[in-house]
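If you want the building blocks of each chain, they are given just below.
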Amino acid sequence: MSINDLPQARNISGFPGHASKKLCTVCTLEGRDCIHNTNWQDWGKHDVKTKREKAFEWLYARTTKEQKAIFKEHGVRWSEFWRLPYWDPSRMLVVDGMHCILEGLVHYHCRYVLRHEDPKSQSSAGFAAAYSFPFPPYDPQIYAIPDDKAAGIADIPKIHRILTEPIAGSNSFTKDAILKRLTATHLHPLKFVAKSLNLPSELNIDGKKIPATDKSHFAEILFGWRKRQPHAIERDVLNSAQSDLKLIRDVAVKATHPSCLDAPPHNYGEFAAGTMKAAEWKVLATIYLAISYVLLWGDFSSSDPPAELAVQFEALKHTMALFQA
């Protein structure tokens, strides 16, 4: 087993860096357009025998040009680990638990899924969804973003988040605020989202149809679609109430625990709590949140949850699955 952070794992295994088009040391997905492909049944797996052969070809290549050609086509170069006959980087590179899981997935899940933010301290960057919508991930068959503009693909989930934020009620965004944030993204991702929602690529101004050509045009089109969706926060979307956060804080503060554990801050969820360390995320997720959410959403006598807790119970199961990872 080889335990490293992500950049070093790629380096010692002979694989391209994490910013390369060769996305993964396990699967064969390639290119930025595959970043959001969650259909794991279609992911192919690297053939370790082929990777080993190409690594030795790279080692014995006579020129740097030949080495570059092998690396570009097959995504592998020489590593001393390839001398080990059992070396299989697709199985033996351990996921970077601190950055990927604790400070990555757990942090994201708590902030953006469970909504662990006090509205009084929530910044404009916070994400409080008014409703949920099955936005399609990037698919070049819908609209192909040019290769030289591929960096903009990362804007697509940002646009999706903006389009689900509330435009009525407390902690909502005005039309100008939504348009400003949409136009802060790139043009091609705006075009893709509009196309994926089957929206027209033209504006209707004073009865005249004007072709949409720039970001402001597509922002207006997308906002027109947004107005047809729920304006304020719906019940069935998770938005932690203050009572939820209060219980979590109470459990974290009042529970007896060994002094060696890094307990989360007493004001968890507030801006003043600052940036939490990986050790604090680990204790929070595996102990305090597990206890709190079982009490909140999983403490009922029958085998099936009450109708009013159905969504929360599903969230509890997903949360426990993540925290057990």
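It should be emphasised that the depicted structure is a prediction, and the values quoted were computed from it without experimental measurement. (Residues numbered from 1 in each chain as written. Predicted model: local features only at pLDDT ≥ 70, side-chain atom pairs only at ≥ 80, totals over all residues. Heavy atoms only, no water.)

Undergrad: Break down the pairing of strand 3 (residues 202–205) for me, with residues and values.
TA: Relative to strand 4 (residues 208–211), strand 3 is paired through four bridges, and the arrangement is antiparallel. Residue Glu-202 lies in a different strand from strand 4, and its bridge partner there is Pro-211. The hairpin turn running from strand 3 into strand 4, its antiparallel successor, is two residues long, and Asp-206 in that turn takes a positive phi close to 55 degrees. (Pairing = 2+ DSSP bridges. Helix = DSSP H or I, 4+ residues; strand = E, 2+ residues; numbered from the N terminus.)

Undergrad: I'd like a description of unusual backbone geometry, backed by residues and values.
TA: Even without a glycine there, the phi angle at Asn-198 is positive, about 60 degrees. Checked against the element boundaries, Asn-198 lands in the loop between helix 8 (187–196) and strand 3.

Undergrad: So what about the confidence of the model for the protein chain? Which residues, and what values?
TA: Across the protein chain, the average pLDDT comes to 84, with 90% of residues at or above 70. Predicted confidence is poor over residues 122–126, with pLDDT under 50, and the contacts of this stretch with residues over four places away or in other chains come to eleven contacts. (pLDDT = per-residue confidence, 0-100. Contact = heavy atoms within 4.5 Å.)

Undergrad: Explain the nonpolar core to me, using residue names and the numbers behind them.
TA: By size, the foremost hydrophobic cluster in this structure holds 31 residues, and its most contacted members are Leu-163, Leu-182, Val-193 and Leu-222. For this core, the elements supplying multiple residues, two or more each, are helix 6 (155–162), helix 7 (175–183), helix 8 and helix 9 (215–227). Top element by residues in this core is helix 9. It accounts for six residues. Contacts of Leu-163, omitting those with residues within four sequence positions, involve Tyr-131, Phe-135, Leu-182, Val-193, Leu-222, Trp-225 and Arg-226. One finds Cys-110, Tyr-268, Tyr-288 and Leu-322 within the second-largest nonpolar core, a separate group that totals 26 residues. (Core = buried A, V, L, I, M, F, W, Y, C linked by side-chain atoms within 4.5 Å. Buried < 20%, exposed > 50% of the residue type's maximum accessible area, 1.4 Å probe, protein only.)

Undergrad: Could you give an account of the packing of aromatic side chains, naming the residues involved and the relevant values?
TA: Applying the stated criterion across every chain, the model contains eight aromatic pairs. With a centroid separation of 4.8 Å and an interplanar angle of 65 degrees, the aromatic rings of Phe-56 and Trp-78 are classed as edge-to-face. Here Phe-56 is found in helix 2 (residues 48–60), whereas its partner Trp-78 is found in the loop between helix 3 (64–74) and helix 4 (89–92), with 22 residues between them in sequence. When its relative accessible area of 25% is taken as the criterion, Phe-56 is described as partly exposed. Trp-78 gets classed as buried once you look at its relative accessible area, which sits at 13%. An aromatic cluster of three or more residues is present, and its members are Phe-56, Tyr-60 and Trp-78. Over the face of the ring belonging to Phe-173 we find Arg-181, whose NZ or CZ atom lies 4.8 Å from the ring centre. (Phe/Tyr/Trp six-rings, centres within 6.5 Å; stacked < 30°, edge-to-face > 60°. Lys NZ or Arg CZ within 6 Å of the ring centre and 35° of its normal.)

Undergrad: Any details on the packing of helix 8 against helix 9? Residues and values, ideally.
TA: Helix packing geometry: the angle between the two helix axes and the distance between the axes. Put simply, helix 8 and helix 9 touch, their axes get as near as 9 Å, and they point 30 degrees apart. Relative to helix 9, the element helix 8 is oriented roughly parallel. The two elements helix 8 and helix 9 cross, and the hand of that crossing is left-handed. Facing helix 8, whose interface residues are Leu-187, Leu-190, Lys-191, Val-193 and Ala-194, helix 9 presents Lys-215, Phe-218 and Leu-222. A per-class count over the contact of helix 8 with helix 9 returns six nonpolar, no polar and two charged. (Axes fitted to C-alpha atoms, helices over the stretch in contact; angles between N-to-C directions. Parallel < 35°, antiparallel > 145°, perpendicular 65-115°, else oblique. Left-handed = near helix turned anticlockwise from the far one by under 90°. Nonpolar A, V, L, I, M, F, W, Y, C, P; charged D, E, K, R; others polar.)

Undergrad: Residue-level account of the side chain of Glu-280, with values.
TA: Along the chain, the position of Glu-280 falls in helix 11 (residues 278–297). Notably, Glu-280 is buried but unbridged: the nearest opposite-charge side chain belongs to Lys-277, and the N-O separation is 4.8 Å. The residues touching Glu-280, leaving out its near neighbours within four places in the chain, are Asp-262, Ala-263, Pro-264 and Pro-265. (Lys, Arg positive; Asp, Glu negative; His and termini not counted. Salt bridge = Lys/Arg side-chain N within 4 Å of Asp/Glu carboxyl O.)

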